[in-house]
Amino acid sequence: MDIVVENLTKSYGTQKAVDNISFKVHTGEVLGFLGPNGAGKTTTMRAIACSLDHDEGKISIGGNTTAENPNLVKSRIGYLPEHNPLYTDMDIIDYLQFVARLHNLPKEKIEGRIAEMIQVCGLEAEKHKKINELSKGYRQRVGLAQALIHDPEVLILDEPTTGLDPNQIVEIRELIRKIGREKTVILSSHILAEVEATCDRIMIISKGKIVADGSSEELRKKSEGNEILNVQIEGGDKNTVYDALKKLETVEMADIKNTDKTIYEIQSKEGQASAKAIFDMCVKNNWYIAQLSPIETKLEDVFRELTMN
Ligand code: ATP
């Protein structure tokens, strides 16, 4: 079930929290929202999940708009809000039963579905407790269970792994990826590695606007400048090698990185590659290449470049 957001705008007073953004998310896609604090991620997710009215624009889920058919849209969405509001006086099972009934799940299916959610979200050991007796991570698991209980077509997860331990993070990521094969998922996170590992597509939001949209590979490529190589050359005098590197036609800049290991960082001229020239130079001088690897732009660098101003 596709999500289509067209020209979405939401202001609080004079501040535009979300500023005329448009995007589509298709079935079978996991979209990760990245952005600095206050970028507009939660506002966008709340608008999609019908928990917040927007000022302008249109949001459709499977062809139904949030403005015209909010109840139908809500029934198709599983939503884990940012602060994971729960009825903390309730037992876990009672709470999940309550949510299942709110979603009009057939009575005969409720028990089985709760058992499945308890298992899927790793709640087995704590399932007899009241929610206010649970640790933060276990509360987060209950939040996930309530978002999934009605087997929604669309999942909106605002920082789903907050408070989880590393084992559970891996399990929840796998679960999200699995769900994402058949459903439509949007999640937000501040953990860049998590978004890279879980999402097919990343959208970076800054000051209410979309500043990047693509796979992590595409984002890194777009932000990459000239080729930079890390090269370790052995068998020659350090400074002689350095001088020879600087003279290569394709090389813009050469730097000695680690004098003990004779590692050089070499930046090529725009649009040029230097590996072959370095290889030929080494063969000619009877030196040898102990390692040669490109330095890749990290998602952190892309994020900083696009959001630091
Ligand atoms: P974070 O990563 O910190 O959770 P975010 O990207 O989710 O941030 P939003 O919560 O969507 O950002 O907030 C976007 C902007 O809208 C912020 O400047 C925030 O202060 C403002 N904002 C959000 N909710 C309200 C509100 N109820 N009243 C006034 N301003 C609000």
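Bear in mind that the values here come from a model prediction, so they are computed numbers and not experimental data.

### Notes on the site of the ligand
Argument step 1. Among the 14 residues in the neighbourhood of the ligand, the closest are listed as Gln-15, Gly-38, Lys-41, Thr-42 and Thr-43.
Argument step 2. Between the ligand and Tyr-12 there is a distance of 3.4 Å, counted from a nitrogen atom to a side-chain nitrogen or oxygen.
Argument step 3. Between Gly-38 and the ligand, the recorded distance is 2.8 Å, taken from a backbone N or O atom to an oxygen atom.
Argument step 4. Considered on its own, the ligand offers 630 Å² of accessible surface; in the complex 65% of this is hidden by protein.
Argument step 5. Of all the secondary-structure elements, those providing two or more residues to the shell around the ligand are strand 2 (15-25) and helix 1 (41-48).
Argument step 6. For the shell around the ligand, the element with the highest residue contribution is helix 1, accounting for three residues.

### Comments concerning the pairing of strand 10 (residues 209-214)
Argument step 1. One ladder, built from five bridges, connects strand 9 (residues 201-206) with strand 10; its direction is antiparallel. Bridge pairing in strand 10 places Ile-205 opposite Ile-210.
Argument step 2. Once strand 9 ends, the chain turns through two residues before running back antiparallel as strand 10, passing Lys-207 with a positive phi of about 50°.

### Looking at helix 4 (residues 107-120)
Argument step 1. Under the 1.5 Å per step criterion, the end-to-end length of helix 4 is 21 Å for 14 residues, consistent within 8% with the ideal 20 Å.
Argument step 2. Burial in helix 4 covers these residues: Ile-110, Arg-113, Ile-114, Met-117 and Ile-118. Seen along its axis, helix 4 keeps its buried residues to an arc of 140°; they face one direction. Residues Glu-108, Lys-109, Glu-111 and Gln-119 are exposed on helix 4 and point more than 90 degrees away from its buried face.
Argument step 3. Tucked into the core, helix 4 has its buried residues touching helix 3 (92-102) and helix 5 (136-148).
Argument step 4. One or two residues past the end of helix 4 sits Gly-122, with phi positive at roughly 65°.

### A few points about the domain arrangement of the protein
How large an interface is tends to be reported as the accessible area lost when its parts come together.
Argument step 1. Per the domain assignment, the segments of the protein are domain 1 (3-222) and domain 2 (225-297).
Argument step 2. Relative to domain 2, the C-alpha centre of domain 1 lies at a distance of 47 Å.

### Considerations on the packing of aromatic side chains
Argument step 1. Summed over all chains, the structure comprises three aromatic pairs.
Argument step 2. A ring pair is formed by Phe-23 and Phe-33, whose centres lie 5.8 Å apart and whose planes are at 80°; its orientation type is edge-to-face. Of the two residues, Phe-23 sits in strand 2 while Phe-33 sits in strand 3 (residues 30-34), which places them 10 residues apart along the sequence.
Argument step 3. Look at Phe-23 and you get buried, because its relative accessible area is 5%.
Argument step 4. Here the aromatic cluster, defined as three or more aromatic residues joined through ring pairs, consists of Tyr-87, Tyr-95 and Phe-98.
Argument step 5. If you follow Arg-141 out to its NZ or CZ, it ends over the ring of Tyr-138, 4.0 Å from the centre.

### Observations concerning the packing of helix 3 against helix 5
Argument step 1. At a closest axis distance of 9 Å, the pairing of helix 3 and helix 5 adopts a crossing angle of 25°. With respect to helix 5, the element helix 3 is oriented roughly parallel. Along this stretch, helix 3 crosses helix 5, giving a crossing that reads as right-handed. Contacts between helix 3 and helix 5 involve Ile-92, Tyr-95, Leu-96 and Val-99 from the first element and Val-142, Ala-145 and Gln-146 from the second.
Argument step 2. Classifying every residue of the contact of helix 3 with helix 5 by side-chain character gives six nonpolar, one polar and no charged.

### Section: the sheet that holds strand 4 (residues 56-61)
Two strands in a sheet stick together by hydrogen bonds in their backbones, pointing the same way (parallel) or opposite ways (antiparallel).
Argument step 1. Taken together, four strands build an open sheet; the order of strands is 2-1-4-5 and the sheet is antiparallel. On the outer flanks of this sheet lie strand 2 and strand 5 (64-65), each paired with one strand and no other.
Argument step 2. Where strand 4 and strand 5 come together, two bridges link them in antiparallel fashion. By the bridge assignment for strand 5, Ser-60 is matched with Thr-65.

Here is what the cut-offs are and how they apply
- Here the residue numbers are simple positions, counted from 1 along each chain's written sequence.
- Selection of residues for local features in this predicted model requires a pLDDT of at least 70, selection of side-chain atom pairs for listing and counting requires 80 or more, and totals for whole chains, interfaces and linings are taken over all residues.
- Excluding hydrogens and water, the side-chain values take into account all heavy atoms of the structure.
- Proximity is defined per residue: any heavy atom of the residue falling within 4 Å of a molecule or strand makes that residue near it.
- Here a polar contact is taken to be a pair of N or O atoms separated by no more than 3.5 Å, where protein atoms must pair a possible hydrogen donor with a possible acceptor and residues adjacent in sequence count only if both atoms sit in side chains.
- Surface accessibility in these figures is a Shrake-Rupley result with a 1.4 Å probe; residues are shielded only by whichever protein chains are displayed.
- What counts as a helix is a DSSP run of H or I of at least four residues, what counts as a strand is a run of E of at least two, and both are numbered from the N terminus.
- Each pair of strands is called paired provided DSSP finds at least two bridges between the two strands.
- Given the number of residues in a helix, its expected span is that number minus one, multiplied by 1.5 Å.
- Here's how the labels work: a residue is buried when its accessible area is under 20% of the maximum for its type, exposed when over 50%, partly exposed in between, all with a 1.4 Å probe on protein chains only.
- It is the directions from the helix axis to the C-beta atoms whose arc is reported.
- A contact between two residues is defined here by any heavy atoms of the two lying within 4.5 Å.
- Domain extents, as shown, originate in an automatic or database domain assignment.
- The aromatic pairing rule takes the rings of Phe, Tyr and Trp, using the six-membered ring of Trp, and pairs them if the centres are within 6.5 Å, calling planes under 30 degrees apart stacked, those over 60 edge-to-face and the rest tilted.
- Charges are assigned to positions over rings by a cutoff of 6 Å between ring centre and Lys NZ or Arg CZ, combined with an angular limit of 35 degrees from the ring normal.
- Between the N-to-C directions of two axes lies an angle of 0 to 180 degrees, each axis being a line fitted to C-alpha atoms and, for a helix, fitted only over the stretch in contact.
- Angle categories are assigned with fixed cut-offs, so that under 35 degrees is roughly parallel, over 145 is roughly antiparallel, 65 to 115 is roughly perpendicular, and the rest are oblique.
- Each crossing gets its handedness from the near helix: less than a right angle anticlockwise from the far helix is left-handed, clockwise is right-handed.
- Throughout this entry, Asp, Glu, Lys and Arg are counted as charged residues, while Ala, Val, Leu, Ile, Met, Phe, Trp, Tyr, Cys and Pro are counted as nonpolar. The remaining residues, Gly among them, count as polar.

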